[in-house]
Every structure is written in C-alpha cells, then in structure tokens.
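This is what each chain is made of:
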Amino acid sequence: MTDDTPRVVFLFDDTDVCLFPSLDTAEDWMEAIDVDDNEYTAALTDTGRVIRMRTEKGLVVLELTEQTDLPKLRELLRDHGESIGQRGIELAPVAFANRSWKEDWDSRWPQWPRWLDKRLHPHGPIQA
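Quick summary incoming for the structure in this document. Just so it is clear, the structure is predicted and the values come from calculations on it, not from any experiment. (Residues numbered from 1 in each chain as written. Predicted model: local features only at pLDDT ≥ 70, side-chain atom pairs only at ≥ 80, totals over all residues. Heavy atoms only, no water.)

## Comments concerning the pattern of salt bridges
Rule in force here: For salt bridges, the criterion is a side-chain nitrogen of Lys or Arg within 4 Å of an Asp or Glu carboxyl oxygen. Secondary structure counts use DSSP, requiring at least four H or I residues in a row for a helix and at least two E residues in a row for a strand, with both numbered from the N terminus. Exposed residues in this analysis have more than 50% of their type's maximum accessible area, buried residues have under 20%, and partly exposed residues fall in between, with area computed by a 1.4 Å probe over protein chains only.
Counted by the stated rule, this structure contains six salt bridges. Two residues, Lys102 and Asp106, come together in a salt bridge whose shortest N-O distance is 2.9 Å. Of this pair, Lys102 and Asp106 are both found in helix α4 (residues 93–106), four residues apart, which corresponds to roughly one turn of the helix. Given a relative accessible area of 38%, Lys102 falls into the partly exposed group. Given the relative accessible area of 44%, Asp106 is considered partly exposed.

## A few points about the nonpolar core
Our working definition: Among the buried residues, those of types Ala, Val, Leu, Ile, Met, Phe, Trp, Tyr and Cys that are joined through side-chain atoms within 4.5 Å form a nonpolar core.
Ranked by size, the top nonpolar core spans 16 residues in total, and within it Phe10, Phe12, Leu19, Leu44, Leu77 and Phe96 carry the most contacts. Elements supplying a minimum of two residues to this core: β1 (9–13), β2 (16–20), β3 (42–45), α3 (70–84) and α4. Ranked by residue count, the leading element in this core is α4, at four residues. Counting residues in each nonpolar core, the second largest holds 13 residues, with Val9, Met30, Val35 and Leu62 among its members.

## Some points on α4
The condition that has to hold: One fewer than the residue count of a helix, multiplied by 1.5 Å, yields its expected span. Should any heavy atoms of two residues lie within 4.5 Å, those residues are counted as being in contact.
Over its 14 residues, α4 extends 20 Å from the first C-alpha to the last, a length consistent with the 20 Å expected when each residue adds 1.5 Å. Restricting attention to buried positions, one finds in α4 the residues Pro93, Val94, Phe96, Ala97, Asn98, Ser100, Trp101 and Trp105. Against the buried residues of α4 lie β1, β2, α3 and α5 (114–120).

Shown next, in the form of structure tokens:
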C-alpha cells in the first residue's frame, strides 16, 4: 500500500464521521452542493494526510495533499468517540474503521441466507 493510496478516508462533519475505503468511493458518495457550502469540516486519511475537497463541473474532487495533520485526525476521532460512547478510537483509526464497517455489514437488511450471501458478496464486509 503506497502513501498515495489511503486505507481509510475519514470525512468529518463536526463530530460526525463517514468512513470510506478509497477516495473514489468518498467522491461518489459526497454531494457537490455540500462541498460548496462547506458542510464538511475535514477530510483526512488514516495516516493523517489532509485531503483537499473541491468541486469541478458539478462533481466532487478529492485530492491528497502533502500536508499531514495526525493531531487533528486524533482530535476529531476522539470527539466522535466521546459522542458515540466509544472512547479511545483515535488510538487505532484503522481498527475503528474495520469495526464500523463490520457492524454495518452485520446489521444490513435484508439478511440473505448464508449460501446466497456468500455468492452475492464473496469478500464480505469492507476491511482496510
């Protein structure tokens, strides 16, 4: 995994956070109007690299910068962890992302029979 390929993209909106396995996935999920209206307070990788958010022709564009801000990532994750009752998530951002993706996977609906689920989703939940 190169430094230009983040394992996790953290997108913050105050104390709320969305997690994505790639910049492309985050770009596809985000809405240009929200980026233009500065709805997101920060976008960072699991290593603390700052992600620049902008729009171009109505599409969201995320760009890795050379700047890193690991203290900011930890501060935002700590605030999020306190708001959801999970203290300490800032100490292991990737583990937090993997756990969150697994919990989302386990609670998805509908729950398919195991044999069909394995056929439709052979790789299981997203993991960094």
